[in-house]
There are 2 protein chains.
Amino acid sequence: MAEPLTATQQAHWRTFIESSWALHTRLEDELRAATGLSMNDYHVLVALAEAPGHRIRMGELASRLVFSPSRVTYQISSMVKRGLVRKESCPDDGRGQEAVLTDEGLTALRDAAPAHLETVRTSFIDHLDDEDLAVIGRVFAKIREV
Amino acid sequence: MAEPLTATQQAHWRTFIESSWALHTRLEDELRAATGLSMNDYHVLVALAEAPGHRIRMGELASRLVFSPSRVTYQISSMVKRGLVRKESCPDDGRGQEAVLTDEGLTALRDAAPAHLETVRTSFIDHLDDEDLAVIGRVFAKIREV
């Protein structure tokens, strides 16, 4: 059985998990209210907008966004229905599939970005100094590989 | 309009938001699979189990868990239906309501705790040293007050 957390570990853990959950909820609520997009939609749009040819293989997208295969399939199907993304066979591998950004998806991302940036700044970035942000970047890069 | 993030801020922010989202998803999925409880259920049970008399006013519970009033009402109604919590009028104020932990709720928490602790350790705590954890505790305490 796992060893109990120390009192200090428990205090920091609870602060983190409750406060980061509230942050995710706030980002999601404000993005949806302003644009109708979810945070998952937004992350997929950003990843595709930055990819060469605006296209990423489904498996690579899942690993980039730390999604399970079933979650990425569900997510992309929902975005295809809304015209933000289309699915195509990989040119170099008939069996694989890629998610491809549509013009509508790119427009949705460009329209959403300013308001989302404002939320990211006021709810998080503007309250951290460079050192704190670097620690958080390093820790969460490690956690993501677990 | 908000100033764009620097490249460094953007890299750390994305790592944090994607990795912490994956962590929340993993905690939620593993807790649900092992116990049927959501993370929100778990946090409410922990808060009530530690409160004097196993009871907390609804408004205080909302602010403790950084929930909106409508979210806490929905959450507690769902837990009342499952017998984990009951609602009672505040003894010192006929109009207010308290959430009260039931015996069933306390048993559910005690049954869930060991597996949840294991996930918390293997997916987060065991990968951080004391200093990193202290930075995260401090930053997220500040963020929560925003």
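The coordinates are above.
Bear in mind the structure is a predicted one, so any value in this text is a computation, not a measurement.

1. A closer look at the side chain of Gln9(B)
No. 1: Relative to the helices and strands, Gln9(B) is located in helix H1 (residues 7-35).
No. 2: Setting aside residues no more than four positions away along its own chain, Gln9(B) makes contact with Arg121(A), Ile125(A) and Leu133(A).

2. Focus on helix H6 (residues 130-144) of chain A
No. 1: Counted at 1.5 Å a residue, the expected span for H6(A) with its 15 residues is 21 Å, and the 21 Å between its end C-alpha atoms agrees.
No. 2: When H6(A) is considered as a whole, its buried residues turn out to be Asp132(A), Leu133(A), Val135(A), Ile136(A), Gly137(A), Val139(A), Phe140(A) and Ile143(A).
No. 3: Considering only its buried residues, H6(A) is in contact with helix H1 (7-35) of chain A together with H1, helix H5 (103-123) and helix H6 (130-144) of chain B.
No. 4: Where H6(A) begins, the side chain of Asp129(A) points an oxygen toward the backbone nitrogen of Glu131(A), at a separation of 3.2 Å.

3. Section: empty space enclosed by the protein
No. 1: Taken as a whole and assessed by the stated rule, the structure comprises two cavities of 30 Å³ or more.
No. 2: Taken together, Trp21(A), His24(B), Glu28(B), Met39(B), Asn40(B) and His43(B) make up the lining of the largest cavity.
No. 3: Looking at the lining of the largest cavity, the elements with two or more residues in it are H1 and helix H2 (39-50) of chain B.
No. 4: Ranked by the residues each element gives to the lining of the largest cavity, the list is headed by H2(B), at three residues.
No. 5: For the lining of the largest cavity, the residue count by class is two nonpolar, three polar and one charged.
No. 6: Estimates place the volume of the second largest cavity at around 50 Å³.
No. 7: Considering the residues around the second largest cavity, the lining is formed by His24(A), Glu28(A), Met39(A), Asn40(A), His43(A), Ile17(B) and Trp21(B).
No. 8: Contributions of two or more residues to the lining of the second largest cavity are made by H1 and helix H2 (39-50) of chain A together with H1 of chain B.
No. 9: A total of three residues in the lining of the second largest cavity trace back to one element, the largest contributor, which is H2(A).
No. 10: Tallied by class, residues from the lining of the second largest cavity come to three nonpolar, three polar and one charged.

4. A look at the packing of H6(A) against H1(B)
No. 1: Relative orientation of the contacting elements H6(A) and H1(B) amounts to 40°, with a least axis distance of 8 Å. Considering the angle they form, H6(A) stands oblique to H1(B). In terms of crossing hand, the pair formed by H6(A) and H1(B) is left-handed. Contact residues: Leu133(A), Ala134(A), Ile136(A), Gly137(A), Phe140(A), Ala141(A), Ile143(A) and Arg144(A) in H6(A); Gln9(B), His12(B), Thr15(B), Phe16(B), Glu18(B), Ser19(B) and Ser20(B) in H1(B).
No. 2: Of the residues contributing to the contact of H6(A) with H1(B), the split by class is seven nonpolar, six polar and two charged.

Conventions and cut-offs
- As a convention, each chain's residues are numbered from 1 in the sequence order in which they are written.
- Lettering for chains starts from A, numbering for ligands starts from 1, and both go in the order in which the items are written.
- Local features in this predicted model are restricted to residues of pLDDT 70 or higher, and side-chain atom pairs are both shown and tallied only at a pLDDT of 80 or more, whereas totals for entire chains, interfaces and linings draw on every residue.
- Values reported for side chains reflect all heavy atoms of the structure, with hydrogen atoms and water molecules removed beforehand.
- Note on conventions: DSSP H or I runs of at least 4 residues are helices, E runs of at least 2 residues are strands, and numbering of each starts at the N terminus.
- What makes two residues a contact is simply this: any of their non-hydrogen atoms within 4.5 Å.
- A helix is expected to span 1.5 Å multiplied by its residue count minus one.
- In this scheme, a residue with accessible area under 20% of its type's maximum is buried, one over 50% is exposed, and one in between is partly exposed, where area comes from a 1.4 Å probe on protein chains only.
- Polar contacts, as used here, are pairs of N or O atoms within 3.5 Å; protein pairs need one atom able to donate a hydrogen and one able to accept it. Residues neighboring in sequence count only if both atoms are side-chain atoms.
- Here the term cavity refers to a set of points on a 1 Å grid, laid over the protein atoms alone, in which a 1.4 Å probe fits but cannot get out; the term pocket refers to an open set having protein on both sides within 12 Å along at least five of seven lines, with lining residues being those that place an atom within 4 Å of a point.
- Grid points are joined across faces, edges and corners, and a volume is the space filled by probe spheres set on the points.
- As a working rule, the residues Ala, Val, Leu, Ile, Met, Phe, Trp, Tyr, Cys and Pro are called nonpolar, Asp, Glu, Lys and Arg charged, and the rest polar, with Gly in that last group.
- For helices, the fitted line uses only the C-alpha atoms of the stretch in contact; every axis is such a line through C-alpha atoms, and the angle between N-to-C directions lies from 0 to 180 degrees.
- Here the word oblique covers every angle except those under 35 degrees (roughly parallel), over 145 (roughly antiparallel) and from 65 to 115 (roughly perpendicular).
- Rotating anticlockwise by less than a right angle from the far helix to the near helix defines a left-handed crossing, while the corresponding clockwise rotation defines a right-handed one.

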